[in-house]
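# Coordinate inspection notes
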Amino acid sequence: MATIKENRRFLKTYFSDMAGIKTDAVLGLEKPAAQKQVKDGERLIKLASPSKDIVKCNDTFDNIKSRRSVRNYSDEAISFEELSYLLWASFGVTDIDSKGNKKRAVPSGGACYPIETYIIVRNVKGLEQGIYRYRPLDNELAFIKSIDKMQEVIESFMLDSKQPYLPGFANGAAVLFAWSAVPYRGEYKFNIMTHKKILIDVGHICQNLYIASESIDAGTCAIGIYDQDRVDALLDLDGEDEFVIYLAAVGKKK
Ligand SMILES: Cc1cc2nc3c(=O)[nH]c(=O)nc-3n(C[C@H](O)[C@H](O)[C@H](O)COP(=O)(O)O)c2cc1C
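First, a word on what this report is: a plain description of the structure on this page. (Residues numbered from 1 in each chain as written. Predicted model: local features only at pLDDT ≥ 70, side-chain atom pairs only at ≥ 80, totals over all residues. Heavy atoms only, no water.)

## A short note on the pattern of salt bridges
Per the stated rule, a full pass over the model turns up 13 salt bridges. For Arg133, the salt bridge identified is with Glu42, shortest N-O distance 2.9 Å. A residue pair is termed long-range when its members are at least 10 positions apart, and Arg133 in strand S5 (residues 130-135) and Glu42 in the loop between helix H1 (4-10) and strand S1 (43-46) qualify at 91 residues. For the pair formed by Arg133 and Glu42, the shared burial category is buried. A network of salt bridges, in which partner residues are shared, links Glu42, Glu116, Arg133 and Arg185. (Salt bridge = Lys/Arg side-chain N within 4 Å of Asp/Glu carboxyl O. Helix = DSSP H or I, 4+ residues; strand = E, 2+ residues; numbered from the N terminus. Buried < 20%, exposed > 50% of the residue type's maximum accessible area, 1.4 Å probe, protein only.)

Dropping the structure here:
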């Protein structure tokens with residue numbers, strides 16, 4: 001069991017802790033892939049190209065000013081184009097530089113991007129209810145599995161009895177985002193110095209989701225209270241080399 005003192009130290013950055021450590025990058029080991037490979041049986045679905053046309057409010061000032069955590073959602077579905085936009089805005093590729101590097105909507109320490117985005121789709125036009133993984137480098141979804149009993153599945157990991165604001169709110173969301181950490185993508189370059197950065201990275205991603213949601217009249221609420229083992233099991237993650245670190249619910253505002 002960690003102590004407060006230990007956890008506070010984790011929040012700090014002492015590069016002196018790296019003395020004597022040779023990173024796998026320095027050792028010349030193979031660089032890990034920037035996104036997970038497609039597994040056998042996963043169906044790929046091309047996402048819509050990002051377009052300003054669906055954005056209702058393009059004003060950064062207004063979107064920042066009005067952003068709030070939204071826990072009450074209407075029954076209106078999110079369109080496929082809106083979902084594509086939210087994925088792109090939170091973690092997508094926005095440019096390719098002169099060296100061929102794909103640039104992202106969010107910063108990442110050392111450009112490691114040690115995060116995967118999963119979505120639990122409940123009410124998105126044109127998509128069956130189920131679990132998908134975003135493949136940002138190819139602007140596509142990998143369909144992992146369908147879900148029959150959506151409410152049961154969401155309640156299984158939401159720890160609603162511990163939710164301080166509106167227990168059960170995730171059941172009304174059109175889509176849940178679940179971000180997993182793939183620590184080795186950062187460890188390869190930063191070894192023990194990467195883990196704090198992973199948490200900072202995912203904060204950037206979620207904030208972009210908040211602002212992008214606001215711009216299409218949808219609402220988001222970050223979720224930090226959840227059952228670790230159950231959500232990892234739901235997404236077929238091993239809990240060691242990949243595990244969920246943060247979630248968010250998204251739906252059209254009431
Ligand atoms: C790391 C983090 C975890 C959060 N976890 C939850 C959560 O599990 N349930 C919830 O209802 N809100 C959650 N929130 C939303 C906060 O309650 C909310 O941001 C805060 O009350 C301020 O309100 P605002 O976002 O509307 O400005 C979380 C926010 C952050 C940044």
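## Details of helix H6 (residues 195-215)
Under the 1.5 Å per step criterion, the end-to-end length of H6 is 31 Å for 21 residues, consistent within 8% with the ideal 30 Å. Along H6, the residues classified as buried are Ile198, Asp201, Val202, Ile205, Cys206, Leu209, Tyr210, Ile211, Ala212, Ser213, Glu214 and Ser215. Looking at the buried side of H6, the elements it contacts are helix H2 (60-66), helix H3 (80-91), strand S4 (115-121), strand S7 (175-181), strand S8 (218-223) and strand S9 (243-252). The positive-phi residue at the C-terminal boundary of H6 is Asp217, with phi of around 65°. (Expected span 1.5 Å × (residues − 1). Contact = heavy atoms within 4.5 Å.)

## Considering the packing of H3 against H6
Helix packing geometry: the angle between the two helix axes and the distance between the axes. Across the interface, H3 lies against H6 with an axial gap of 8 Å and an inter-helix angle of 140°. Taken as a pair, H3 and H6 cross one another with a handedness that is right-handed. For the pair H3 and H6, contact is made by Tyr85, Leu86, Ala89, Ser90 and Phe91 and by Ile205, Asn208, Leu209, Ala212, Ser213 and Ser215, respectively. Partitioned by chemical class, the residues of the contact of H3 with H6 number seven nonpolar, four polar and no charged. (Axes fitted to C-alpha atoms, helices over the stretch in contact; angles between N-to-C directions. Left-handed = near helix turned anticlockwise from the far one by under 90°. Nonpolar A, V, L, I, M, F, W, Y, C, P; charged D, E, K, R; others polar.)

## A few points about the nonpolar core
Counting 40 residues, the largest nonpolar core has Leu83, Leu86, Ile119, Leu127, Leu141, Phe177 and Trp179 as its most contacted members. Of all the secondary-structure elements, those providing two or more residues to this core are H3, S4, S5, strand S6 (140-146), S7, H6 and S9. Leu86 has contacts with Ile78, Phe177, Leu209, Ala212, Ser213, Ile216 and Val250, leaving out every residue within four places of it along the chain. By size, the runner-up hydrophobic cluster in this structure holds 26 residues, among which are Tyr118, Val153, Met158 and Leu176. (Core = buried A, V, L, I, M, F, W, Y, C linked by side-chain atoms within 4.5 Å.)

## A look at the site of the ligand
Close to the ligand lie 13 residues, the nearest being Arg67, Ser69, Arg71, Gln163 and Gly224. Note that a nitrogen atom of the ligand is positioned 2.9 Å from one of the backbone N or O atoms of Gly224. Backbone polar atom of Ile225 to an oxygen atom of the ligand: 3.2 Å apart, as the coordinates give it. Looking at the shell around the ligand residue by residue, the classes come out as seven nonpolar, three polar and three charged. (Near = heavy atom within 4 Å. Polar contact = N/O pair within 3.5 Å; in protein donor to acceptor, adjacent residues only side chain to side chain.)

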